[in-house]
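# Observations on the model geometry
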Amino acid sequence: MFRARLTPTSISLIYVVLGALWILFSDQVIAGMTDDTLVLSRLQTIKGWFYILATGAMLFLLMRLGTRRLAASERQLRDTLIHFPLPTLGIDHEDRIFFINQRFTDTYGYDHHDLPNMDCWWRLAYPDETYREELRHRWSESLARVRANDGFLAPACFKVRAKDGSDRTVEFTAIALVQRTIVVCRDITDQLAIEERLRHSEKMAAIGQLAGGIAHDFNNMLQGILGYAQLLSATATEETFKARADGIESTALRAASLTDKLLTCARKGPGIVSQVAVHAIIDEALGLFERTVDPRIKLHKAYTTDQLLVMADPGLLQNAVLNLLINARDAIVGPGDIRITTSRLSSSPADDRPMVAIAIADTGTGMDDSTKARATEPFFTTKPIGKGTGLGLSAVHGFAAERGGQLSIDSRLGHGTTVTILLPLAETPASQEANATPSDGRALNLLLIDDEAAVRDTTAALLHSLGHQTHAVDGGQEALRWLGTKRRGIDAVLLDLAMPDMDGRQCLARLRTIDANIAIYITTGYADDDTMAELQALGATAFIRKPYTRQQLATALNSA
């Protein structure tokens, strides 16, 4: 117990006191023992040897005590580091690795047989020689400063090659101890990936908020433009005027697709979903696309003989196909080919669901691996300023994912690109309305409620061209007053969702109190999932998304 309490300081003090007492009293004791000079000389020699032996014993005790304490400290440090929750290395001043904890081996795969010294670490963890030498120089300078001051190295991040060949991002922190340096190697690869996903999520939320805010007003304006263009095209007698009207229509639809791209990228609702025939949608997209393509680019179709039906918003599916066609066109310099093929797959790569594959291949410039890796990233584009928004492929990717499918890209620089959309095959046969034409339905008496004059005028004219009688009013209050006397002759109502005096929700609820059976179609430039669910609960028959075409009006009203 007494020896356990001794310290180097206390032993030194005891030695000094005992030495002083020995020097003061030993000569007096020896002188009192005898007067013989020879005997005194021998006693002095014995006293000297005794002093040497006592000093040696004292030094031995100090060294043994220090060694034991150092060994105990090292054992305590090693035990602590063994259970330390982060990967840890111990390095001595000769760059030998004297300690590797199990967490380090579990994370990076290397053990003490792989890493006896730092030379092996540099060689294995940094196979790129240029990066290795640059990093080694920086590390040596930083570590020298830390060791000189027995200090702490602020965290620094570097790429590391693990034993399994994977690249990890590691945050290194060094602590200098006596003749030792402890290095903590925290793997932050997953943390950085989570942070990147969070930033992406925040960016998508901002995009969705922006798109949702402008969608209704923007699509309302485009509805007027599209309506006038279709009316011009239907009544034009000269081919030149008809072609120009068709060009306005095509441009308006492309402008509408920009908002759809933003909404789809942000996963802001799946749109107005119905069962659609894939080949009919592709043909409609090709009809719009052919007017804009260079005549030196040849279009080829290879459709499967199977009837391909999917559950999707027809407008979003058409926009997805148009996006891929436009990207294919822009990738071709001079003459080239674009091939559109469809097929039915018995299962998807992930499960056993039957899938529809829509592939669009071009003979363009293709993409390298780094470009292909970022191709579906929102706002990433290789096109010149003014030629692309960077939303095309990201919108298609978002659309496919929203519908339970996926997007794949096969491309090599100089060898063209093939982009394939996979969508789940619809389980039930398409209804008669899915492929309806304007002449399929009976003539209806319709009430059109919309606060935009351009939308009222063009929609009423399009409905008239389809053989329907239409009464148009500019708000909910006027509609309710008119219906108070005329409701017996009305077959269906086209109701705008966003209006100033009485919005679509309020008007829908009032209409249902007047007539519980009348068909009420909600027309809107944008409605989120919660709003659509609320309107359905209030009794909405169906939704018609703005901007709509004459064909889409005909298809929707055939069920009225």
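Reading the values: rules and limits
- Residues numbered from 1 in each chain as written.
- Predicted model: local features only at pLDDT ≥ 70, side-chain atom pairs only at ≥ 80, totals over all residues.
- Heavy atoms only, no water.
- Helix = DSSP H or I, 4+ residues; strand = E, 2+ residues; numbered from the N terminus.
- Buried < 20%, exposed > 50% of the residue type's maximum accessible area, 1.4 Å probe, protein only.
- Areas by Shrake-Rupley, 256 points an atom, 1.4 Å probe, with all protein chains shown as cover.
- Core = buried A, V, L, I, M, F, W, Y, C linked by side-chain atoms within 4.5 Å.
- Contact = heavy atoms within 4.5 Å.
- pLDDT = per-residue confidence, 0-100.
- Pairing = 2+ DSSP bridges.
- Axes fitted to C-alpha atoms, helices over the stretch in contact; angles between N-to-C directions.
- Patch = residues over 30% accessible without salt bridge, like charges linked within 9 Å, V, L, I, M, F, W, Y side chains within 5 Å.
- Salt bridge = Lys/Arg side-chain N within 4 Å of Asp/Glu carboxyl O.
- Expected span 1.5 Å × (residues − 1).
- Polar contact = N/O pair within 3.5 Å; in protein donor to acceptor, adjacent residues only side chain to side chain.
- Left-handed = near helix turned anticlockwise from the far one by under 90°.
- Nonpolar A, V, L, I, M, F, W, Y, C, P; charged D, E, K, R; others polar.

## Notes on the overall build of the protein
Of the regular secondary structure elements, the protein holds 17 helices and 17 strands. Within the span of the protein, comprising 560 residues, buried residues form 41% of the whole. Split by element, the accessible area of the protein, about 29900 Å² in all, is 55% carbon and sulfur.

## What about the nonpolar core?
Counting 42 residues, the largest nonpolar core has Val310, Leu317, Leu325, Ile338, Ile360 and Ile421 as the members making the most contacts within it. Among the secondary structure elements, those contributing two or more residues to this core are α8 (239-265), α9 (278-289), β8 (309-312), α10 (314-331), β9 (336-345), β10 (355-362), α12 (392-402) and β12 (417-424). Sorting elements by how many residues they give to this core places α10 first, with nine residues. Setting aside residues up to four positions removed in sequence, Ile360 forms contacts with Val321, Leu324, Leu325, Ala328, Ile338, Arg339, Ile340, Thr417, Thr418 and Val419. One finds Ile91, Trp121, Trp139 and Phe158 within the second-largest nonpolar core, a separate group that totals 27 residues.

## Description of the confidence of the model for the protein
Per-residue pLDDT for the protein averages 80, and the proportion of residues at 70 or more is 84%. In this model, residues 429-440 is a region of pLDDT below 50 whose contacts with residues beyond four sequence positions or in other chains number 23 contacts.

## Details of the sheet that holds strand β15 (residues 492-496)
Taken together, the five strands give an open sheet; going across it, the order is β14-β13-β15-β16-β17, and neighbouring strands pair in parallel fashion. With one partner strand each, in any of the chains shown, β14 (469-473) and β17 (542-545) form the two edges of the open sheet. When strand polarity is set aside, the average angle formed by the axes of neighbouring strands in this sheet is 20 degrees. When strand β13 (residues 445-449) meets β14, the two strands line up parallel, connected through five bridges. What sits directly across from Ile449, in β14, is Val473. Sheet strands touched by helix α15 (residues 504-514): β13, β15 and β16 (519-524). Its angle to β15, the strand with the most contacts, is close to 160 degrees.

## A few points about a nonpolar patch on the surface
A cluster of nonpolar side chains, Ile14, Val17, Leu18, Leu21, Leu24, Phe25, Val29 and Met33, forms an exposed patch at the surface whose accessible area comes to about 760 Å². Within the secondary structure, Leu24 is located in helix α2 (residues 8-33). According to the relative accessible area criterion, Leu24 is exposed, its value standing at 53%.

## Side note on α9
Taking 1.5 Å per residue as the helical rise, α9 with its 12 residues ought to reach 16 Å, and the 16 Å between its terminal C-alpha atoms agrees with that figure. If you check which residues of α9 are buried, you get Val278, His279, Ile281, Ile282, Ala285, Leu286, Leu288 and Phe289.

## Remarks on the side chain of Ser142
Tracing the chain through its elements places Ser142 in helix α6 (residues 129-148). For Ser142, a relative accessible area of 17% translates into the label buried. A distance of 3.1 Å separates the side chain of Ser142 from the backbone oxygen of Arg138, its partner in a polar contact.

## Quick notes on the pattern of salt bridges
As enumerated under the stated definition, the model contains 15 salt bridges in all. Of the charged contacts in the structure, one is a salt bridge between Asp92 and Arg96, with a shortest N-O distance of 2.8 Å. A relative accessible area of 45% means that Arg96 is categorised as partly exposed. Arg136 is paired through a salt bridge with Asp119; the nearest N and O atoms lie 2.2 Å apart. Of the two residues, Arg136 is situated in helix α6 and Asp119 in helix α5 (residues 118-125); the sequence distance between them amounts to 17 residues. By relative accessible area, which is 25% here, Arg136 ends up partly exposed. A single salt-bridge network, built from bridges that share partners, covers Asp92, Glu94 and Arg96.

## Concerning the packing of helix α13 (residues 453-465) against helix α17 (residues 550-557)
Helix packing for two helices is described by the angle between their axes and how far apart those axes are. The N-to-C vectors of α13 and α17 enclose an angle of 65 degrees; their axes lie 10 Å apart at closest approach. Note on packing geometry: the crossing formed by α13 with α17 is right-handed. Between α13 and α17, the contacting residues are Thr459, Leu462, Leu463 and Ser465 on the first element and Arg550, Leu553 and Leu557 on the second. Looking at the contact of α13 with α17 residue by residue, the class counts come to four nonpolar, two polar and one charged.

## Quick look at the sheet that holds strand β11 (residues 406-411)
Taken together, the five strands give an open sheet; going across it, the order is β7-β9-β10-β12-β11, and neighbouring strands pair in mixed fashion. The sheet is open, and its two borders are formed by β7 (297-302) and β11, each paired with just one other strand. In this sheet, adjacent strand axes meet at a mean angle of 15 degrees when their direction is disregarded. Relative to β10, β9 runs antiparallel, the two being bridged by eight bridges. Residue pairing for β10: Ile338 is matched across the bridge by Asp362.

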